[in-house]
Amino acid sequence: MAKEKGDKKHADTAEQDFSALSPFELKDELIKAAGGSAVERPANASMLNAGRGNPNFLATIPRHGFWQLGLFAMRESERSFAYMPEGVGGFPKREGLTERFELFLRENRGVPGIDFLRGAVSYVRDQLGLSAGDFLYEMCEGILASNYPVPDRMLKLSEVIVGQYLRREMIGKHPFIGEFDIFAVEGGTAAMTYIFNTLRENRLIKAGDTIALGMPIFTPYIEIPRLNDYQLNVVNLNADVENNWQYSKAELDKLRDPKVKAFFLVNPSNPPSVRISDESLEQIADIVKARPDLILLTDDVYGTFADDFVSLFALAPKNTILVYSYSKYFGATGWRLGTIATHRDNVLDRLIAELPKDVKKELHTRYESITTEPDKLKFIDRLVADSRTVALNHTAGLSTPQQVQMVLFSLFSLMDTPDAYKNALKRLIRSRKRALYEEIGISFEDDDKNQVDYYTILDMEFLGERAFGREFVEWLFKNTEPSELLFRLAREARVVLLPGRGFGTKHPSGRVSLANLNESDYRQIGRALRKLIEEYVERFNAATGKTLDKGKVE
Ligand SMILES: *Cc1c(COP(=O)(O)O)cnc(C)c1O
């Protein structure tokens, strides 16, 4: 975005052009300006980095469960080759496993994680109707990690349990007909990489094709289509701050254009952190009826933080690829846990079946080393194969301990009635938000049921105009450099925010993550922002002869 040069320049923001940097790279520059080192953890610096989406909380109970299960599995392993003192163990034995596990639970009564494991096994048996022994066997083998993941897409019972979790969190009470398949992957990151790649390899999107993005959006969705690998045209569907970050009917109607092959959506959004309204979801589902070939991808990483969340996957299951990650809700970014889900009856498989003959022949050759019927290979299994360059399909899949932790997180959440963990997290982030806005001096709408509050966007135009009028906002933009406010916050207050611009917001703005710092830090950030605003109001008054009251923010 070209800006007129203002009269007041700041040496180091004017010297370099940061406009091409992704917000995450620009963040590193802001951290430097704040006197920190980009690789330094926030705990080591007096700098306040609110740019990190990485939560500073984590789920403890299912982790305790993981370690206790690990100890039990070790005991199982050491039952074999017990005559060898050199540290050689074997595989767990299915026979008598449940009884030995009961004994282990009794011996360790009171140890953190033990009650959780007891509940988890009971839930699997009594609620899901699965065999407790089979479940324990899959978990013990998985945590010992002495076999390749089989099936490669996902371990069998693990898929059932994670499927139940996704049903509860993403579908809820919404009617859902049929079954879906899951591919366990290394976080949302891998999900995105794999999906873009397989869509292209199977000609569902080609260079020159048009896709639509729900804006603003997590930056990689903007950057990937531009890569030489993809060369896609992009139509933006813009959510507007004035519309509480919802998409208007007219914006969503852009999906009616038959040129648009696919629509990529983050819901709840990043960065506005607002869940798309029920009316909009219904409108998209309606459009799909008229455009049955439209491919939808919904990235619902933040769904668990919303009230009564329903995914686009529930409303348009046959057209939607569901991406979910355990990173945010369980504070587990280091684990790399995510899922891709597709309905068993889906548009992707249908479009693959309808490809031109020559393309089908080529794809037949591509996948013939892994199946005798390559033409019938499902899209989701193509994802698995492509994730390991087809030729390594037999060793594809997420590491088995990762799948075990994923299952324990899922069970923890399934057993979290009545939403104790969920409500604790919501309370935590919402009270941080309140603290931030209190200090800035802005009251914020707390009555929008679609607000999720994992992030909050400080939209300078929207907030500035509301507080001080249009004239002030126009003066401000004319007399400041892009990113100037962000750099001043970094340099003078050691506060780091991410530029909203990098996520495709239309107005200059900063993204504040509400997940990564403590409440007192958000108060400090709020005070720093307020000080900066007051200074610009003073300058505006001096330059224009007006008499805005800097103390009045709203
Ligand atoms: C954080 C995030 C991801 C990445 O998730 P990982 O599982 O940590 O790779 C994907 N999509 C969105 C929208 C995110 O905010």
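Residues numbered from 1 in each chain as written. Predicted model: local features only at pLDDT ≥ 70, side-chain atom pairs only at ≥ 80, totals over all residues. Heavy atoms only, no water.

Visitor: Account for the side chain of Asn-541, naming residues and giving values.
Guide: When you line up the elements, Asn-541 lands in helix α21 (residues 519-544). Note on Asn-541: relative accessible area 16%, which makes it buried. Excluding residues that lie within four positions of it along the chain, Asn-541 makes contacts with Lys-546, Thr-547 and Leu-548. (Helix = DSSP H or I, 4+ residues; strand = E, 2+ residues; numbered from the N terminus. Buried < 20%, exposed > 50% of the residue type's maximum accessible area, 1.4 Å probe, protein only. Contact = heavy atoms within 4.5 Å.)

Visitor: Lay out the site of the ligand with the relevant residues and their values.
Guide: Lining the immediate surroundings of the ligand are 13 residues, of which Gly-188, Thr-189, Tyr-302, Ser-325 and Lys-328 lie closest. Residue Gly-188 places a main-chain N or O atom 2.6 Å away from an oxygen atom belonging to the ligand. At 2.7 Å, a side-chain N or O of Ser-327 approaches an oxygen atom of the ligand. Coverage of the ligand by the protein chains reaches 93% of its 390 Å² of free accessible surface. Here the shell around the ligand takes three residues from helix α8 (residues 187-201), the largest share from any one element. The residue makeup of the shell around the ligand, split by class, is four nonpolar, six polar and three charged. (Near = heavy atom within 4 Å. Polar contact = N/O pair within 3.5 Å; in protein donor to acceptor, adjacent residues only side chain to side chain. Areas by Shrake-Rupley, 256 points an atom, 1.4 Å probe, with all protein chains shown as cover. Nonpolar A, V, L, I, M, F, W, Y, C, P; charged D, E, K, R; others polar.)

Visitor: Which residues make up the confidence of the model for the protein chain, and what values do they have?
Guide: Scored by pLDDT, the protein chain comes out at a mean of 93, with 95% of its residues at no less than 70. This model gives residues 1-15 a pLDDT under 50, and the stretch forms 22 contacts once residues within four places in sequence are excluded. (pLDDT = per-residue confidence, 0-100.)

Visitor: How would you explain the pairing of strand β13 (residues 509-513) if you had to name every residue and give the values?
Guide: Consecutive residues of a regular strand have side chains that alternate between opposite faces of the sheet. Among the five residues that make up β13, five are buried, leaving the element largely enclosed by the rest of the structure. Residues Ser-509, Arg-511 and Ser-513 of β13 are buried on one face, and the alternating residues Gly-510 and Val-512, pointing to the opposite face, are buried as well. Pairing between strand β10 (residues 455-459) and β13: five bridges, direction antiparallel. Paired with Tyr-455 across the strands is Ser-513, a residue of β13. (Pairing = 2+ DSSP bridges.)

Visitor: I'd love a proper account of the nonpolar core, names of residues and values included.
Guide: One finds Phe-330 and Ile-525 to be the most contacted residues of the largest nonpolar core, which totals 134 residues. Of the residues forming this core, the biggest block, nine residues, is contributed by α21. Residue contacts for Ile-525: discarding those within four places in its chain leaves Leu-48, Ala-50, Leu-436, Val-495, Leu-497 and Leu-517. Among the nonpolar cores identified, the runner-up in size contains 44 residues, and Ile-211, Phe-264, Ile-352 and Leu-383 belong to it. (Core = buried A, V, L, I, M, F, W, Y, C linked by side-chain atoms within 4.5 Å.)

Visitor: Tell me about the domain arrangement of the protein chain, and please be specific about residues and values.
Guide: As far as domains go, the protein chain holds domain 1 (13-53 + 420-544), domain 2 (61-147) and domain 3 (156-413). For domain 1 versus domain 2, the distance between C-alpha centres works out to 47 Å. (Domains from an automatic or database assignment.)

Visitor: Describe the environment of Pro-508, with residues and values.
Guide: Here Pro-508 shows up in the loop between β12 (498-499) and β13. C-alpha separation for the pair Pro-508 and Asp-459, spaced 49 residues apart in sequence, amounts to 6.3 Å.

Visitor: How would you sum up the sheet that holds β12? Please name residues and give values.
Guide: Taken in spatial order, the three strands of this open sheet run β10-β13-β12, and their pairing is antiparallel. Of all the strands in the sheet, the pair left with one neighbour each is β10 and β12. Sheet strands touched by helix α17 (residues 420-440): β10 and β13. Its angle to β10, the strand with the most contacts, is close to 20°. (Axes fitted to C-alpha atoms, helices over the stretch in contact; angles between N-to-C directions.)

Visitor: So, the sheet that holds strand β9 (residues 338-343): which residues are in play, and what are the values?
Guide: Strand pairing in a sheet relies on backbone hydrogen bonds. The paired strands run either parallel or antiparallel. Spatially, β2-β9-β8-β7-β6-β3-β4-β5 is the arrangement adopted by the eight strands of the open sheet, whose pairing is mixed. Either end of the sheet is taken by a strand with one partner, and the two such strands are β2 (180-185) and β5 (246-247). Bridge count between β2 and β9: six bridges; the pairing is antiparallel. Paired with Ala-184 across the two strands is Thr-339, which belongs to β9.

Visitor: Can you lay out the pattern of salt bridges for me, pointing to particular residues and giving the numbers?
Guide: Two side chains bearing opposite charge may form a pair once their charged atoms approach each other closely. Evaluated as defined, the whole model comprises 48 salt bridges. Arg-168 is the partner of Asp-419 in a salt bridge, and the nearest nitrogen-oxygen pair spans 2.8 Å. Pair noted here: Asp-419 is in the loop between α16 (400-414) and α17 and Arg-168 is in helix α7 (residues 156-171), with a separation of 251 residues, a long-range link. The partly exposed category is assigned to Arg-168, whose relative accessible area is 27%. One continuous salt-bridge network, built from bridges that share partners, spans Arg-153, Glu-159, Asp-181, Arg-344, Lys-378 and Asp-381. (Salt bridge = Lys/Arg side-chain N within 4 Å of Asp/Glu carboxyl O.)

Visitor: Talk me through helix α20 (residues 484-493); I want residue IDs and the actual numbers.
Guide: Extensive coverage of α20 is indicated by the burial of seven of its ten residues. Turning to α20, its buried residues number three or more, namely Glu-484, Leu-485, Leu-486, Phe-487, Arg-488, Leu-489 and Ala-490. Arg-494 sits one or two positions beyond α20 and adopts a positive phi of about 55°.

Visitor: Requested: an account of the packing of aromatic side chains, with residues and values cited.
Guide: Tallied over the full model, the rule gives 37 aromatic pairs. For the pair Phe-196 and Phe-264, a centre-to-centre distance of 5.0 Å together with 40° between the ring planes defines the contact as tilted. Pair noted here: Phe-196 is in helix α8 and Phe-264 is in strand β6 (residues 260-266), with a separation of 68 residues, a long-range link. On the basis of relative accessible area, Phe-196 is assigned to the buried category, the value being 1%. (Phe/Tyr/Trp six-rings, centres within 6.5 Å; stacked < 30°, edge-to-face > 60°.)

Visitor: So what's going on with the pairing of β10? Which residues, and what values?
Guide: Among the five residues of β10, five are classified as buried, and the element is accordingly described as predominantly covered. Side chains Tyr-455, Ile-457 and Asp-459 of β10 all project onto a buried face; the interleaved residues Thr-456 and Leu-458 project onto the opposite face, where all are buried too.

Visitor: So what's going on with helix α4 (residues 97-107)? Residues and values would help.
Guide: An α-helix turns once per 3.6 residues; consequently, residues spaced three or four apart project the same way. Listing the buried residues of α4 in full gives Leu-97, Thr-98, Arg-100, Phe-101, Phe-104 and Leu-105. One side of α4 carries all its buried residues, which in axial view fall inside an arc of 160°. Within α4, the exposed residues directed more than 90 degrees away from the buried face are Glu-99 and Arg-106. Contacts from the buried residues of α4 go to α3 (61-77), α5 (114-127) and α6 (132-144). (Arc of directions from axis to C-beta.)

Visitor: Go over the packing of α3 against α4 with me, naming the residues and quoting the values.
Guide: Across the interface, α3 lies against α4 with an axial gap of 11 Å and an inter-helix angle of 125°. Judged on the interaxial angle alone, α4 and α3 are oblique. Every pair of crossing elements has a handedness; the one defined by α3 and α4 is right-handed. Listed contacts from α4 to Gln-68, Leu-69, Leu-71, Phe-72, Arg-75 and Glu-76 of α3 are Leu-97, Arg-100, Phe-101, Phe-104 and Glu-107. (Parallel < 35°, antiparallel > 145°, perpendicular 65-115°, else oblique. Left-handed = near helix turned anticlockwise from the far one by under 90°.)

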